[in-house]
Amino acid sequence: MVEDEKFRVLRGQMVENQLIERGITNPRVLDAMSRVPRQEFVTPDLSHLAYRDSPLPIGEDQTISQPYIVALMTQLLYLSGHERVLEIGTGSGYQTAVLCELAAQVYSLERLPRLAERAANVLSSLGYNNLEIHVGDGSQGLPDMAPFDVIIVTAAAPSLPGPLRSQLHPNGGRMVLPIGDERNQYLEIVTRQDNRWEIEQMLPVRFVPLVGRYGFKAGESKAEADSDSDHTAYV
Ligand code: SAM
């Protein structure tokens, strides 16, 4: 079996056994995840594990999220195709690709320049062009591009970051993010109507920390030290 065919079969099995079996029902989300070649977003030595039911390391102490969590968070966004989306935590760019399949325009922010650059290259090689990747502290959002119809945060914040709250569209803006400490986090949905924000707690999850001004304090790791670059955009 040629490589592409092998991965296509594994992708079909992932959609069936990991997503549909666990209650992902939105056909647009299932279609998008049937199309995006997850093996391209992991390092070549791990490509045989790309469709495994787990997160995987992507370097810099970070992970590509488990397929089910990507599907669940995406389903909770209720994307219909016309939205402007802000994603915090580009990581490998896999979730970004799924968002590009389902929304009009995606702005993705990553604090680690090497991950941002790698993700930008992979996404561009796959032909995605409705996105901008920015390097910077996502806990501060992207005020110049606000408001956003949808915000998705793929790293855990200690509490709802104020700037993200205010960059949500006042007319029905929707945000999905994990909130909590390193051990206990819940996936939460925030919806905004004018100056009212409703918060709904969904399920326990475990994400890497959102490190930034409105997140957790940066540690002393090399990856974190290298991330203090100027704000850069990869389009
Ligand atoms: N969704 C990604 C994927 O599909 O590969 C996985 C994201 S990974 C679990 C979380 C990412 O958030 C990491 O790449 C990490 O560097 C990034 N991150 C943490 N704090 C951040 C911040 N303040 N701003 C932007 N990105 C941040």
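Report follows, based on the coordinates. Position labels on residues start from 1 in each chain and follow its written sequence. In view of the model being predicted, local features appear only for residues whose pLDDT reaches at least 70, and side-chain atom pairs are presented and counted only at 80 or more, with totals across whole chains, interfaces and linings using the full set of residues. Excluded from the side-chain calculation are hydrogens and water; included are all heavy atoms of the structure.

**Re the layout of surface pockets**
One way to see where empty space is left: roll a probe the size of a water molecule over the atoms.
Next, step 1: Of the pockets and cavities examined, the largest pocket occupies roughly 680 Å³.
Next, step 2: If you trace the largest pocket, you find 40 residues lining it, with Gln62, Thr63, Thr154, Ala155 and Val208 closest to the centre.
Next, step 3: The set of elements that each furnish at least two residues to the lining of the largest pocket consists of strand 2 (62-64), helix 3 (67-77), helix 4 (94-102), strand 4 (105-110) and helix 7 (222-226).
Next, step 4: Numbering goes from the N terminus for both helices and strands, where a helix is a DSSP run of H or I of at least four residues and a strand is a run of E of at least two. Sorting elements by how many residues they give to the lining of the largest pocket places strand 2 first, with three residues. Here the term cavity refers to a set of points on a 1 Å grid, laid over the protein atoms alone, in which a 1.4 Å probe fits but cannot get out; the term pocket refers to an open set having protein on both sides within 12 Å along at least five of seven lines, with lining residues being those that place an atom within 4 Å of a point. Grid points are joined across faces, edges and corners, and a volume is the space filled by probe spheres set on the points.

**Looking at unusual backbone geometry**
Next, step 1: Cis geometry marks the peptide bond from Ala146 to Pro147, where omega comes out at 5 degrees.
Next, step 2: The backbone phi angle of Glu60 is positive, close to 60 degrees, even though this residue is not glycine.
Next, step 3: Structurally, Glu60 can be placed in the loop between strand 1 (56-59) and strand 2.
Next, step 4: Despite not being glycine, Asp194 shows a phi value in the positive range, around 50 degrees.
Next, step 5: Note that Asp194 resides in the loop between strand 8 (185-193) and strand 9 (196-205).

**Points about the pairing of strand 3 (residues 84-88)**
Next, step 1: Classification of residues uses two cut-offs on accessible area relative to the type maximum, computed with a 1.4 Å probe and protein chains only: under 20% is buried, over 50% is exposed, and between them is partly exposed. Across the five residues that make up strand 3, a large majority, four, are buried.
Next, step 2: One ladder, built from five bridges, connects strand 3 with strand 4; its direction is parallel. Pairing of Arg84 across the sheet is with Gln105, part of strand 4.
Next, step 3: Note on handedness: a crossover is taken as right-handed if, strands pointing away from the viewer, the path from the first strand over the helix to the second is clockwise. Between strand 3 and its parallel partner strand 4, the chain crosses via helix 4, and the hand of that crossover is right-handed. Should DSSP find at least two bridges between two strands, the strands are regarded as paired.

**Here's the deal with the site of the ligand**
Next, step 1: Working definition: residue near molecule or strand if any one of its non-hydrogen atoms lies within 4 Å of it. Around the ligand sit 27 residues in total, of which Ser92, Glu110, Asp137, Gly138 and Val211 are the nearest.
Next, step 2: Measuring from an oxygen atom of the ligand, one finds a side-chain N or O atom of Ser92 at 2.6 Å.
Next, step 3: Expressed as a share of its isolated accessible area of 610 Å², the protein-covered part of the ligand is 99%.
Next, step 4: Assignment to a cavity or pocket requires that more than half of a molecule's atoms be within 2 Å of the site's grid points. Mapping the ligand onto the cavity grids shows that it belongs to the largest pocket. Each polar contact in these results corresponds to two N or O atoms within 3.5 Å; when the atoms are within protein, one needs to be able to donate a hydrogen and the other to accept it, and residues that are neighboring in sequence are counted only if both atoms are side-chain atoms. Here the Shrake-Rupley method, with its probe set to 1.4 Å, supplies the accessible areas, and only the displayed protein chains count as covering residues.

**Looking at the packing of helix 1 (residues 3-20) against helix 2 (residues 27-35)**
Next, step 1: Every angle, taken between N-to-C directions, lies between 0 and 180 degrees, and every axis is a line fitted to C-alpha atoms, over only the stretch in contact when it is a helix. Their axes nearest at 9 Å, the elements helix 1 and helix 2 cross at an angle of 145 degrees. In terms of crossing hand, the pair formed by helix 1 and helix 2 is right-handed. Facing helix 1, whose interface residues are Arg11, Met14, Val15, Leu19 and Ile20, helix 2 presents Leu30, Met33, Ser34 and Arg35.
Next, step 2: Nonpolar residues are Ala, Val, Leu, Ile, Met, Phe, Trp, Tyr, Cys and Pro. Charged residues are Asp, Glu, Lys and Arg, and all others, Gly as well, are polar. Per-class residue counts for the contact of helix 1 with helix 2 are six nonpolar, one polar and two charged. Note: crossing handedness is left-handed where the near helix turns anticlockwise from the far helix by less than a right angle, and right-handed where it turns clockwise. Whether two residues are in contact is decided by their heavy atoms: any pair within 4.5 Å suffices.

**Examining helix 2**
Next, step 1: All buried positions along helix 2 are accounted for by Val29, Leu30, Ala32 and Met33. Buried residues of helix 2, seen end-on, are gathered within an arc of 160 degrees and therefore sit on one face of the element.
Next, step 2: If you follow the buried residues of helix 2, they end up packed against helix 1, helix 3 and helix 4.
Next, step 3: The backbone nitrogen of Arg28 has a side-chain oxygen 2.8 Å away, supplied by the residue at the start of helix 2, namely Asn26. This arc corresponds to the set of directions leading from the helix axis out to the C-beta atoms.

**Examining the pairing of strand 8**
Next, step 1: Two strands pair when backbone bridges link them, and strand 7 (residues 171-180) and strand 8 are joined in this way by nine bridges, in the antiparallel orientation. Bridge pairing in strand 8 links Gly180 to Gln185.
Next, step 2: Here strand 7 hands over to strand 8 after four residues, the two strands then running antiparallel side by side.
Next, step 3: Between the end of strand 8 and the start of strand 9, which pair antiparallel, lie two residues, with Asp194 showing a positive phi angle near 50 degrees.

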